[in-house]
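# An overview of the molecular structure
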Amino acid sequence: MSGGLEGKVAIVTGAARHRGIGRAIAVRLAEDGADVVAVGSPRPPESFPEAERAIGWKGATGVAGEIEALGRRGMAIDADLSKKEEAERIVSETIARFGRIDILVNNAGLAYCGERNLWEIDDKEWYDVVDVNLNGVYLLTSRVMRHMVPAGHGGRIINISSSAGRMGAPQYGAYCATKWGIIGLTQMLAIEAAPHRITVNAVAPGSVDTDMMDATFGNMATRFGADAAAMKGLVLRVTPLGRQGRPDEIAAAVAYFASADADWVTGQTLNVNGGNPMN
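Everything quoted here is computed from the prediction, not taken from an experiment.

## Some details on the packing of helix H1 (residues 21-31) against helix H9 (residues 247-258)
Running from N to C, H1 and H9 point in directions that differ by 50°, and their axes come no closer than 8 Å. As the angle between them shows, H1 and H9 are arranged oblique. Note on packing geometry: the crossing formed by H1 with H9 is right-handed. Seen from H1, the contacting residues are Ile-21, Ala-24, Ile-25, Arg-28 and Leu-29; seen from H9, they are Pro-247, Asp-248, Ile-250, Ala-251, Ala-252, Val-254, Ala-255 and Ala-258. Here the residues of the contact of H1 with H9 sort into 11 nonpolar, no polar and 2 charged.

Here it is, written out as structure tokens:
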């Protein structure tokens, strides 16, 4: 498969989970021709979900291997995106290996969803989510832009928001606030970056079949004394297409924004959510 990204170099954060949106994005961009840096948060193997342990999953290193199996160059980086020195390291290592950065996909996210009301959470939980979901996007994007702008060859910034960034969701705490913030950041940066031929867009997934979403359903079930399947059923009943999304469907939207087909699209947020919501 070739999608016109030959010669391009992409960084994809939050790309270390086997059942994750980030892995699907990294693989799709490689299928479309890009060399890809898969960034994941450091995780000890004993913390991996059972399904990952069963297949001997290797996190971001495993994703880099999949990229190379497609005939593209891949690199894995484990990093704490809440720290500016880590953002700087991601950029410097990417430039040292590939010489350029053309595409940044800010996918990494931390979620404590479906557990407690705002007044029931502790301050650390709030700040941890903000540090990864919003501050982390600022830190890495600003460092990437410091390369992209003087390089003069344009580029793509693609941020992953959420349906929780389109409408308020109870017990979503800082996650909801940060995903709304991503949309505002996308629009602001799109204006600033436009003179440099850098487009900035966002994708807002709905309920996607991932480990993170499974955890949210589990939290909701605990809170309301139900089971996770019942919580999932409630969401699917208000989703017009009646099912969860797949990670590759989110990756397809990202691939569009990364492609030449989206040359005249910037500052936009695309819902990929089965119709829930439609705003």
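## Quick notes on empty space enclosed by the protein
Summed over all chains, the structure comprises 1 cavity of 30 Å³ or more. Approximately 30 Å³ is the volume attributed to the largest cavity. Every residue lining the largest cavity is listed: Thr-13, Leu-81, Asn-106, Ala-108, Val-132, Gly-136, Val-137 and Leu-140. Counting residues per element, the lining of the largest cavity draws most heavily on helix H5 (residues 123-151), at 4 residues.

## Considerations on the pattern of salt bridges
Under the defined criterion, the tally for this structure stands at 16 salt bridges. Between Glu-125 and Arg-116 there is a salt bridge; the shortest N-O distance is 2.0 Å. Residue class for Arg-116 comes out partly exposed when judged on its relative accessible area of 28%. Measuring nitrogen to oxygen at the nearest pair gives 2.9 Å for the salt bridge that ties Arg-246 to Asp-248. Exposure remark for Arg-246: the relative accessible area of 40% places this residue in the partly exposed category.

## As for the nonpolar core
Of all hydrophobic cores here, the largest spans 33 residues; its most connected members are Ile-25, Leu-29 and Val-105. Sorting the residues of this core by element identifies strand S1 (9-12), H1, strand S2 (35-40), helix H3 (60-69), strand S4 (103-106), strand S5 (155-160) and H9 as the ones contributing at least two each. Contacts of Val-105, omitting those with residues within four sequence positions, involve Ile-11, Val-12, Thr-13, Ile-25, Leu-29, Ile-158, Ile-160 and Val-254.

## Comments concerning H9
End to end, H9 covers 17 Å across 12 residues, agreeing with the expected 16 Å (1.5 Å per residue, within 8%). Within the span of H9, buried status applies to Pro-247, Ile-250, Ala-251, Ala-253, Val-254, Ala-255, Phe-257 and Ala-258. Where the residues of H9 are buried, they touch H1, S4, S5, strand S6 (198-205) and strand S7 (269-272).

## Observations regarding the environment of Ile-182
With respect to the helices, strands and loops of the structure, Ile-182 is situated in helix H6 (residues 173-193). Judged by relative accessible area, which is 1%, Ile-182 ranks as buried. Each C-alpha atom of the pair Ile-182 and Asn-106 lies 9.7 Å from the other, and the pair is 76 residues apart in sequence.

The rules behind these values
Residues numbered from 1 in each chain as written. Predicted model: local features only at pLDDT ≥ 70, side-chain atom pairs only at ≥ 80, totals over all residues. Heavy atoms only, no water. Axes fitted to C-alpha atoms, helices over the stretch in contact; angles between N-to-C directions. Helix = DSSP H or I, 4+ residues; strand = E, 2+ residues; numbered from the N terminus. Parallel < 35°, antiparallel > 145°, perpendicular 65-115°, else oblique. Left-handed = near helix turned anticlockwise from the far one by under 90°. Contact = heavy atoms within 4.5 Å. Nonpolar A, V, L, I, M, F, W, Y, C, P; charged D, E, K, R; others polar. 1 Å grid on protein atoms, 1.4 Å probe; cavity = no way out; pocket = protein on both sides within 12 Å on 5 of 7 lines; lining within 4 Å. Points joined across faces, edges and corners; volume = space filled by probe spheres on them. Salt bridge = Lys/Arg side-chain N within 4 Å of Asp/Glu carboxyl O. Buried < 20%, exposed > 50% of the residue type's maximum accessible area, 1.4 Å probe, protein only. Core = buried A, V, L, I, M, F, W, Y, C linked by side-chain atoms within 4.5 Å. Expected span 1.5 Å × (residues − 1).

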